[in-house]
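# Examining the three-dimensional arrangement
So the chains spell out like this:
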Amino acid sequence: MAERTSPDYFSCPLCVSLLRDPVAIPCGHSFCMDCISGYWNEADYTGIYICPQCKITFTQRPVLRPNATLTMVAEKIKKSGLNLNAAPGNTYAGPSDVPCDFCSGKKLKAVKSCLNCLASYCEKHLKPHYESATFKRHKLVDELGNLDRKICPQHQKSLELFCRTDQMCICAICTVSEHRGHDIVSAEAERSEKQKLLGVSQAEIRQKCQERVKELEELRTAVDSLKSSAQRAMVESQKMFEDMIRSIERMRSEVTKLIGINEKSAFNQAEALVERLEQEIDELKKKESGLKQLYSTEDHIHFLQNFNYLCTPTDDGFIPRVTVNPDFSFGAARKAVAEIKEHLEEFGREELLKISKSVKEITVDSAPPPEPKSRADFIKYFCQLRLDPNTAYKELHLSDSSRKVIRTRDLQPYGETPERFDSFAQVLCREALSGGRFYWEIEWSGEFSMGVAYRGISRKGKGSLCLLGYNDKSWSLLCSDTGYSAWHNRVDKAINAPHSPRIGVYLDHTAGVLAFYSIGNTMTLLHRFETTFVEPLYPGFGVGTSVKICQLK
């Protein structure tokens, strides 16, 4: 039992750590000097001082005196390395946990946060909120991080209200200053309204998740089928190539055999002719030798008796003329083999090209959903846009949380930025739209233009290349009380349609579609661009009088 109580005896009940500068109070309990001083500092305005351990009340703040014995024991424990901080039921705060704001040294994990104190507490440090009347009206919630975000950065007061006009949390002082006359409700009331939308969003996300799970299963099935088909095709093609190789080997063997037979036949014929010629040459040489001897003899009788025999030509018959042509017997075979090789290569190239084309046509991709038809379908792709003040012409005033722009004659206090239009009353949005579908709606008055542009659109100078739709980096719809016209790269198309104070814009970046609709009882298509977008697009406006980006969700 002593082992279990001993650590508590040398630990401060407030910080749950080894005592530092221990002090004893009149009831006998000991605390860290800093811990008990801070604890009683909060009670100075009530004049009632309570022992956090036994709850004895003192009407006067006790004088704190250092406890020399406990100081010496705590120092020895500290040097020994004995860990007394791991109190049962408490855990230290990890990287993803909210730490206790009142723990010294290594922080314990907070279990509650106080919205009045704007602090988080572990179990030990939370006890005064449960036991002291001073904290009775404080509001405790599950542990929260970043409590400084609950304070108005301008007035340092708690954020308790919500401004629907500017869509932001505010404090009570904000209602009589920056947000005077705005639509303001309590944070609780706004949360109730937003929670209804949250339920709808959750249902949509849940349905979309189910659809994606189904698509994933179908995709995996298609991939497995593709793998099986590819494996079968590989095995079958390998077998057919092996058969073709064997067939070519047989052809090679046959051609080699035919060449060998042709070679042997020609060789035998040549051998017989060589033997015959050699015999004739021997006979001619013998006769030549006899004639030579006859010519040199001095015996007239011998000469005359042998003259007729030696000088009579021998009848050797027809001797074919011999010509050595190495291509005579094998040229046809070589030509045939060359033609086979050429045909095979040409046929192989043609068939390989067909295979390549068929392989490229095999894609594993689900068909995109159909284009929206009704306004409800378009709103599913709604995206909230904000005007970028860094791009706004200096006569454009932004308001309504950067969703509204008005043309004024007074220069606005904008700084010089490379992104700003310096000659035309234009402004782009902050959002870069890419790789998906997007929809937004605009309310307008006076002549204006609306569209999308690449980031690289010209911003400086008075040249028309800076205007939306007057270059190859932007597409726009020019709107006026008399009609509409669509513009791209200085080419315009007049549009005959009734005036509409609200325009809807639909962008399918992947499909290369940009469409403008007039919004009334029905949606009427004004113009549709079909192209290939190669960069992210920024929505933009050329302002005559005023333009407002509508909030649909």
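Our structure's up above, just so we're on the same page.
What counts, and at which threshold
- Residues numbered from 1 in each chain as written.
- Predicted model: local features only at pLDDT ≥ 70, side-chain atom pairs only at ≥ 80, totals over all residues.
- Heavy atoms only, no water.
- Helix = DSSP H or I, 4+ residues; strand = E, 2+ residues; numbered from the N terminus.
- Buried < 20%, exposed > 50% of the residue type's maximum accessible area, 1.4 Å probe, protein only.
- Contact = heavy atoms within 4.5 Å.
- Areas by Shrake-Rupley, 256 points an atom, 1.4 Å probe, with all protein chains shown as cover.
- Core = buried A, V, L, I, M, F, W, Y, C linked by side-chain atoms within 4.5 Å.
- Polar contact = N/O pair within 3.5 Å; in protein donor to acceptor, adjacent residues only side chain to side chain.
- Patch = residues over 30% accessible without salt bridge, like charges linked within 9 Å, V, L, I, M, F, W, Y side chains within 5 Å.
- Salt bridge = Lys/Arg side-chain N within 4 Å of Asp/Glu carboxyl O.
- Lys, Arg positive; Asp, Glu negative; His and termini not counted.
- Charge placed at Lys NZ, Arg CZ, Asp CG, Glu CD.
- Axes fitted to C-alpha atoms, helices over the stretch in contact; angles between N-to-C directions.
- Parallel < 35°, antiparallel > 145°, perpendicular 65-115°, else oblique.
- Left-handed = near helix turned anticlockwise from the far one by under 90°.
- Nonpolar A, V, L, I, M, F, W, Y, C, P; charged D, E, K, R; others polar.
- Phe/Tyr/Trp six-rings, centres within 6.5 Å; stacked < 30°, edge-to-face > 60°.
- Lys NZ or Arg CZ within 6 Å of the ring centre and 35° of its normal.
- Expected span 1.5 Å × (residues − 1).
- Pairing = 2+ DSSP bridges.

## Here we look at the overall build of the protein chain
- Assigned secondary structure in the protein chain consists of eight helices and 24 strands.
- In the protein chain, buried positions account for 30% of the 553 residues.
- Contacts spanning at least 24 positions in sequence make up 54% of the contacts within the protein chain whose residues lie at least 6 apart.
- Accessible area of the protein chain: about 36300 Å², with a carbon and sulfur share of 55%.

## Examining the nonpolar core
- Core analysis: the largest hydrophobic core is formed by 40 residues, its most contacted members being Trp-440, Met-450, Leu-477, Leu-514 and Phe-541.
- Residue contributions to this core peak at four residues, all from strand β15 (residues 437-445).
- Residues contacting Met-450, with those up to four places away along its chain left out, are Ile-442, Trp-475, Ser-476, Leu-477, Ile-503, Val-505, Phe-516, Gly-540 and Phe-541.
- By size, the runner-up hydrophobic cluster in this structure holds 22 residues, among which are Phe-10, Leu-14, Cys-15 and Ile-36.

## Thoughts on the side chain of Asp-508
- Relative to the elements of secondary structure, Asp-508 occurs in strand β20 (residues 502-508).
- You can call Asp-508 buried: its relative accessible area is 6%.
- Here Arg-437 takes part through its side chain, which lies 3.1 Å from a polar atom of the side chain of Asp-508.
- There is a polar contact of 3.1 Å between the side chain of Asp-508 and the backbone nitrogen of Ala-511.
- Ignoring anything within four residues of it in the chain, the contact list for Asp-508 reads Gly-436, Arg-437, Val-513 and Phe-533.

## Considerations on a negative patch on the surface
- Negative charge collects at one region of the surface, where Glu-271, Glu-275, Glu-278, Asp-282 and Glu-283 lie side by side.
- Topologically, Asp-282 is positioned in helix α5 (residues 187-296).
- The class for Asp-282 is partly exposed, based on a relative accessible area of 44%.

## Here's the deal with the packing of α5 against helix α6 (residues 300-311)
- Viewed as axis vectors pointing N to C, α5 and α6 meet at an angle of 155°, and their least axial separation amounts to 10 Å. Between α5 and α6, the angle is such that the two are roughly antiparallel. Read as a crossing pair, α5 and α6 show a hand that is left-handed. Of the residues in α6, those touching α5 at Lys-287, Gly-290, Leu-291 and Leu-294 are His-302, Phe-303, Asn-306, Phe-307, Tyr-309, Leu-310 and Cys-311.
- Its residues assigned to classes, the contact of α5 with α6 comprises seven nonpolar, three polar and one charged.

## Points about the packing of aromatic side chains
- Under the counting rule described, the total for this entry stands at 12 aromatic pairs.
- Aromatic side chains Phe-378 and Tyr-439 sit 5.3 Å apart centroid to centroid with 35° between the ring planes, which places their arrangement in the tilted category. In this pair, Phe-378 is assigned in helix α8 (residues 375-379) and Tyr-439 in strand β15, connecting sequence segments 61 residues apart.
- Judged by its relative accessible area of 1%, Phe-378 falls in the buried class.
- A cation sits over an aromatic face here: Arg-459 above Phe-421, 5.5 Å from the ring centre.

## So, α6
- Here α6 spans 16 Å end to end across 12 residues, near enough to the 16 Å set by a 1.5 Å rise per residue.
- In terms of burial, α6 is largely open, as just one of its 12 residues are buried.
- The N-cap of α6, judged by a side-chain oxygen 3.2 Å from the amide nitrogen of Ile-301 a few residues on, is Asp-299.

## A word on the pattern of salt bridges
- In the structure shown here, the tally under the stated rule is 21 salt bridges.
- The partner of Arg-164 in a salt bridge is Glu-190, and the shortest N-O contact between them spans 2.6 Å. Residue Arg-164 is found in the loop between β9 (161-163) and β10 (168-170), and its partner Glu-190 is found in helix α5; the two are separated by 26 residues along the sequence.
- By relative accessible area, Arg-164 is classed as partly exposed at 30%.
- According to the relative accessible area criterion, Glu-190 is buried, its value standing at 6%.

## Regarding the sheet that holds β9
- What the three strands build is an open sheet, ordered β10-β9-β11; its pairing is antiparallel. Either end of the sheet is taken by a strand with one partner, and the two such strands are β10 and β11 (184-186). Taking each pair of neighbouring strands and ignoring which way they run, the sheet shows an average axis angle of 35°.
- In this sheet, β11 lies alongside β9 in antiparallel orientation, the contact comprising three bridges. Pairing of Cys-163 across the sheet is with Ile-184, part of β11.
- Most of the contacts of α5 go to β11, to which it runs at about 90°, and overall it touches β9 and β11.

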